[in-house]
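Read off the chains here:
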Amino acid sequence: MILWYLLYHYFMARYDHKKVEAKRQKRWVKEGVYEPNLPRRASLQAGAKKPFYNLMMFPYPSAEGLHVGNMYAFTGSDIYGRFKRMQGYDVFEPIGLDGFGIHSENYALKIGVHPATQAKVSEKRFYKQLVSIGNGFAWNERLETYDPEYYRWTQWIFTRMFKAGLAYRKRQEVNWCPSCKTVLADEQVEGGVCERCKTQVIKKELEQWFFGITKYAERLLRNLPSLDWSDNVKIAQRNWIGRSEGALIAFDLNMIPGQPDGKHKVQIFTTRPDTMFGATFMVVSPELAQQWLAVGWQADAKIKKYVADVLAKRRAADKETSTKKTGIFSGIYAVNPANKDEIPVWISDYVLGDVGTGAIMAVPAHDQRDFDFARAFNISIKMVVQPPSVKEGLFSLSEAYEGEGVLVNSEKFNGMRSEEAKKAITEQVGGKTDVRYRLRDWLISRQRYWGPPIPMIYCEACAARKTGERADMPGWYAVPEGDLPVKLPLMKDFRPSGTGVSPLASAQSFSQVKCPACGAKARRETDVSDTFLDSAWYYLRYIDVANTQKPFDKARTEKWLPVDMYIGGSEHAVLHLLYVRFVAMVLKDWGLIDCEEPFKKFRAHGLLIKEGAKMSKSRGNVVNPDEYIKRFGADALRMYLMFLAPFEQGGDFRDQGMAGITRFLERVWRCGTAQKFVKMSSDDVRRAREQAVKKVTEDIEALRYNTAVSALMICLNAIEEHGADKETCKTFLKLMAPFAPHMADELWERLGGKKSIHREPWPVHDEALVREETFDLVVQVNGKVRAVVKAQKGIAEAQAAALAHADANAHKFIIGTIKKTIFVKDRLINFIM
RNA sequence: GCCGCUGUGGUGAAAUUGGCAAACACGCGCGACUCAAAAUCGCGUGGCUUUACGGCCUUGUCGGUUCAAGUCCGACCAGCGGCACCA
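Residues numbered from 1 in each chain as written. Chains lettered and ligands numbered in written order. Predicted model: local features only at pLDDT ≥ 70, side-chain atom pairs only at ≥ 80, totals over all residues. Heavy atoms only, no water.

Novice: Looking at this structure, I do not really get the pattern of salt bridges. What am I missing?
Specialist: Pairing between side chains of opposite charge can happen when their charged atoms approach one another. A full pass over the atoms with the stated rule returns 54 salt bridges. The partner of D530 in a salt bridge is R446, and the shortest N-O contact between them spans 3.0 Å. Separated by 84 residues along the polypeptide, D530 in the loop between β26 (528-529) and α15 (531-534) and R446 in strand β21 (residues 445-446) bring together distant segments of the chain. Per residue, the accessibility class of D530 equals that of R446, and both read buried. Ionic pairing is found between R750 and E746, a salt bridge with its closest N-O pair at 3.1 Å. Of the two residues, R750 and E746 are both situated in helix α25 (residues 741-750); the distance of four residues between them amounts to about one turn of the helix. We classify R750 as partly exposed; its relative accessible area is 41%. Connected via shared salt-bridge partners are K23, R24, R27, D745, E746, E749 and R750. (Salt bridge = Lys/Arg side-chain N within 4 Å of Asp/Glu carboxyl O. Helix = DSSP H or I, 4+ residues; strand = E, 2+ residues; numbered from the N terminus. Buried < 20%, exposed > 50% of the residue type's maximum accessible area, 1.4 Å probe, protein only.)

Novice: Explain the environment of K163 here, please?
Specialist: With respect to the helices and strands, K163 occurs in helix α6 (residues 148-163). Residue classification places K163 among the partly exposed positions, given a relative accessible area of 41%. The sequence separation of K163 and L253 amounts to 90 residues, and the corresponding C-alpha distance is 41 Å. Beyond its immediate chain neighbours, meaning those up to four positions away, K163 contacts E469, A478 and E481. (Contact = heavy atoms within 4.5 Å.)

Novice: Sorry, what's going on with the packing of aromatic side chains here?
Specialist: Centre-to-centre distance and the angle between the planes together describe a pair of aromatic rings. Applying the stated rule across the entire model yields 53 aromatic pairs. Relative to F647, the ring of Y72 lies with its centre 5.3 Å away and its plane at 50°, an arrangement referred to as tilted. Separated by 575 residues along the polypeptide, Y72 in helix α3 (residues 68-86) and F647 in the loop between α20 (634-643) and β30 (652-653) bring together distant segments of the chain. Note on Y72: relative accessible area 1%, which makes it buried. Here the aromatic rings of W442 and Y579 are separated by 3.8 Å at their centres, their planes lie at 10°, and the arrangement is stacked. With W442 in strand β20 (residues 442-443) and Y579 in helix α18 (residues 576-589), this pair connects stretches of sequence that are 137 residues apart. W442 sits in the buried class, given a relative accessible area of 0%. Exposure remark for Y579: the relative accessible area of 0% places this residue in the buried category. Here the aromatic residues F158, F162, W209, F211, Y216, W442, Y458, W476, F532, Y579 and F582 are joined through ring pairs into a cluster of three or more. Here the basic side chain of R524 rests over the ring of F510, its NZ or CZ set 5.6 Å away from the ring centre. (Phe/Tyr/Trp six-rings, centres within 6.5 Å; stacked < 30°, edge-to-face > 60°. Lys NZ or Arg CZ within 6 Å of the ring centre and 35° of its normal.)

Novice: When you look at unusual backbone geometry in this model, what are you seeing that I'm missing?
Specialist: One can expect most non-glycine residues to show negative phi and most peptide bonds to be in trans. A cis amide bond links L484 with the next residue in sequence, P485, at an omega value of 0°. On the secondary structure map, P485 appears in the loop between β23 (476-478) and α14 (508-511). A positive phi angle, near 60°, is found at K340, a position not held by glycine. Here K340 is to be found in the loop between β14 (327-335) and β15 (342-348). Overall, the relative accessible area of 60% leaves K340 in the exposed class. In this model, K466 sits at a positive phi of 60°, which is unusual for a non-glycine residue.

These figures capture arrangement, not role.
Right under this line is the structure:
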């Protein structure tokens, strides 16, 4: 009997996370706790008063289910949202799935299920998991990128891009992933390998669709400083856009030395026109040499072979990163417009066809690459910029001097500072100042199946007549807006062909279509668009998911945009986060939205590792959140994830660490269910409470969740030690609510709360109560701590000195005369002997 | 090579403007409860030294500024991330 009694109480007292979490989650949905006031079209005025758009990068539903890394990011975002909601904002925290793309398609291929079928399975599983982590999502506004009602508008954006001249087709060397069997954008190649599958990327010459993001390079760069974003992401974008100021300068070419023909010219781009007098040779890229050959340049067989070899090598799959420069003299001479010197033109692999103009003037004395080449091929080196550290002219250089200085060997420009000479020499040689960017246009087409078909039609008849929707692209028409979406056909064999043609090309019924202009037999574009286009506008659709007339309503965007807080991984610094800004700028220019920067504030969360190692399937150390939620509860896992390290830094997940948080929550539960309150909290407890309010509030705002949790622990320690009144306990629960939303809500109800704690106002601290009347006065002698004594706040130096002298140990060290005393109010006193 | 970030106990980490280094936890040790164990609770826990009070040392390394440096400055070392013949 006694045993049963004890067991009964044991189970009653222990926190049953499964039961409580399920109950709270059900209640939240029923009461619509997290549904924002997104008004129906007619009554915009009646909507949210203090809108706060709290967005988290939506996940792609991977086969393995929700990764703990996803949960880490989502929890961090959710805590911020819950905090803002309790502060009185109408928080909108939507969720959806970025379900189109190679990742999902590859998984479908692997298990032999159609991606559309698999999508439904993953969707269900993902949403279930996303419910279980306890986030305050607005479930009514969810979206999936593979939903025709969504990609209808993705396609619509494409057609508008085409009409605006921002989407175009071009044949050029592009990145090709042999494993994914599709082309990739530059942003999707990381260190020469495919961002997704890590396969070495090769170059292929293909005709592809591009978005003209480079037209926005200047704006994308210019806006960066004003964005409240994590610095590392802003820096990455700045480097990626890579602005360089320089000059475009034309050189005459002499096919035969000493015989100007006035016909042949070549343009070069340089950021150092000040060094022009030092240009002792010119280098053209193999790509440009190839073009010359194509228009009839009669070159040696050796030269032709060199060009062909280098071009072949650039296409090859081996990633040999030799820094050894090769090259061949072309037999042609260029005339340096600065001093009319005839300089040899070389062809070398160290000059790239798609950078600058594909040709350079080489100044070996002031560019290390030119220097190396000149040394290797015995070309003269001429110094024209004298470093400030050097008094007389230098006779030999062991390396190029790339800094600024004063010009020498430059005729009438001698003595001029290199910075001024840039402009002066450019003018002298008839050059034109120019700005170039590293950024290149966004390669948007993909030769895969699982994506939105590019909504374009090509009519050969129109092409032959040189007519079309756009003068520069005869034969091409956007699918009329009324015909959207161009639905992705259900195909049995959706395997990538690897030939540069999308699997959709084999679906005759799909590709055969009538020309929208002349009605002749035409064909559809069969490539699909890059997944990153899907995610480049999803934040707009969230606020208007049910709109069947437009992608989104402008009045709503005015109310909810820009996104107030965006959280995600920094791996998207030059992918998603760049594309999304570009698309926003375009939409702004079309008058569809008012702000050209979509995210007011962006914070990158850190990376989670496990026991000191990167999580990976092969290591078998991937943390499955489902298991932990089952064992410890979502609240415990959430809180542990936030406690283990600073959110923006990322941290090390250790199983042992879960114990501390579980213990903490059990203690809170015991405290909250026992409900043994004192009539009035002691000063100590009251102060602990107010300090916790202050600290937790400040820390959440700054995303310092780890120290916010520790502040809660300190507060609980005080409550347990001294006992607390009911109000103190309620305040404590509110502070804990963003971190452990289920338990906080349950205990809140048991303490008599009528509505959900997540709709309660966030506490505000009383500065007077935070302050302590006493402080620890640090007594130093010659800078060394000799005593710590309790003192009244605000005491003057004389009183502090008296206290210090009264301390036996400190007194022991104060021998001789005091030369100087340093007194820092409410902190320390330091005697210098 | 260039740009950025990070180096603090056995572990994760904390530290406003330069003002007690190691908060809060984990782990460990000792103790209480228990026949016993788990759970729970209490105490201790950077190193060296001292019977004790205390003292000396300690934030990757070396140097500097300062009454005072984890924090500021200079040089270097290590690790992580990004870009990489960008003309």
